[in-house]
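Fold and geometry: a report
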Amino acid sequence: LVGSEWRRELTKAMQAAPPGAAGRSPFRLSMQVKGSDEAALGTLHLAAAAPLSSSRPGNGGMRLWSYVSGTAAETEASKLALGMEIKHASFNTGFSGAKLVCA
């Protein structure tokens with residue numbers, strides 16, 4: 001995906017993604033990222049505390065880190081998204097808690 005296409009694709013997939021374990025939040029999506037030479041650059045793990053929409057977008061930032069496994073990166077993204085949800089709810093910002101982890 002080129003330019004901002006990955007953002008649109010992630011948003012569409014997040015809106016259609018099933019909820020996390022036991023039918024509860026967070027909503028999660030993982031996507032492999034490749035460079036222009038098709039070499040793998042890593043995996044993006046997007047987690048949101050609720051479904052994302054244009055009326056309630058996600059906010060929470062990005063973390064670039066080396067994890068022992070994809071599962072560890074996904075778990076970290078989910079925990080961080082829930083933390084952001086608490087922050088946004090505390091200040092009534094209108095955003096859903098979200099986090100993007102690059103591993």
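Residues numbered from 1 in each chain as written. Predicted model: local features only at pLDDT ≥ 70, side-chain atom pairs only at ≥ 80, totals over all residues. Heavy atoms only, no water.

When its secondary structure is counted, the chain shows 2 helices and 5 strands. Looking at the chain as a whole, 33% of its 103 residues qualify as buried. Nonlocal contacts in the chain, meaning residues at least 24 apart in sequence, comprise 58% of its contacts between residues at least 6 apart. (Helix = DSSP H or I, 4+ residues; strand = E, 2+ residues; numbered from the N terminus. Buried < 20%, exposed > 50% of the residue type's maximum accessible area, 1.4 Å probe, protein only. Contact = heavy atoms within 4.5 Å.)

Our next topic: the pattern of salt bridges. Close approach of charged atoms allows side chains with opposite charge to pair. Under the counting rule described, the total for this entry stands at 2 salt bridges. In this structure, the salt-bridge partner of Glu85 is Arg56, at a minimum N-O distance of 2.8 Å. With a gap of 29 residues between them, Glu85 in helix H2 (residues 70-91) and Arg56 in the loop between strand E2 (40-48) and strand E3 (58-59) connect regions that are remote in the sequence. Residue classification places Arg56 among the partly exposed positions, given a relative accessible area of 29%. (Salt bridge = Lys/Arg side-chain N within 4 Å of Asp/Glu carboxyl O.)

The next point concerns the pairing of strand E5 (residues 96-102). Counting buried positions along E5 yields 7 of 7 residues, so the element is predominantly enclosed. A two-sided burial pattern is seen for E5, the buried positions comprising Ser96, Ala98, Leu100 and Cys102 on one face and Gly97, Lys99 and Val101 on the other. Where E2 lies against E5, 5 bridges are found, and the strand directions are antiparallel. Paired with Leu44 across the two strands is Cys102, which belongs to E5. Bridge count for strand E4 (residues 62-64) against E5 is 3 bridges, and the pairing is parallel. (Pairing = 2+ DSSP bridges.)

Not every positive phi belongs to a glycine, and Asn92 is a case in point at roughly 50°. Along the chain, the position of Asn92 falls in the loop between H2 and E5. Accessibility expressed as a relative area gives 69% for Asn92, which makes it exposed.

Along the chain, the position of Lys99 falls in strand E5. Buried and without a salt bridge, Lys99 has Glu76 as its closest oppositely charged side chain, separated by 8.6 Å. One polar contact links the side chain of Lys99 to the main-chain carbonyl oxygen of Gly60, over a distance of 2.7 Å. Setting aside anything within four residues of it in sequence, one finds Lys99 in contact with His45, Leu46, Ala47, Gly60, Gly61, Ala77, Leu80 and Ala81. (Lys, Arg positive; Asp, Glu negative; His and termini not counted. Polar contact = N/O pair within 3.5 Å; in protein donor to acceptor, adjacent residues only side chain to side chain.)

As a further point, take the pairing of strand E1 (residues 27-34). Note: E1 against E2, 8 bridges, orientation antiparallel. The residue bridging Val33 from the neighbouring strand is Gly42, located in E2. Linking E1 to E2, which pair antiparallel, is a turn of 5 residues; within it Glu38 sits at a positive phi near 70°.

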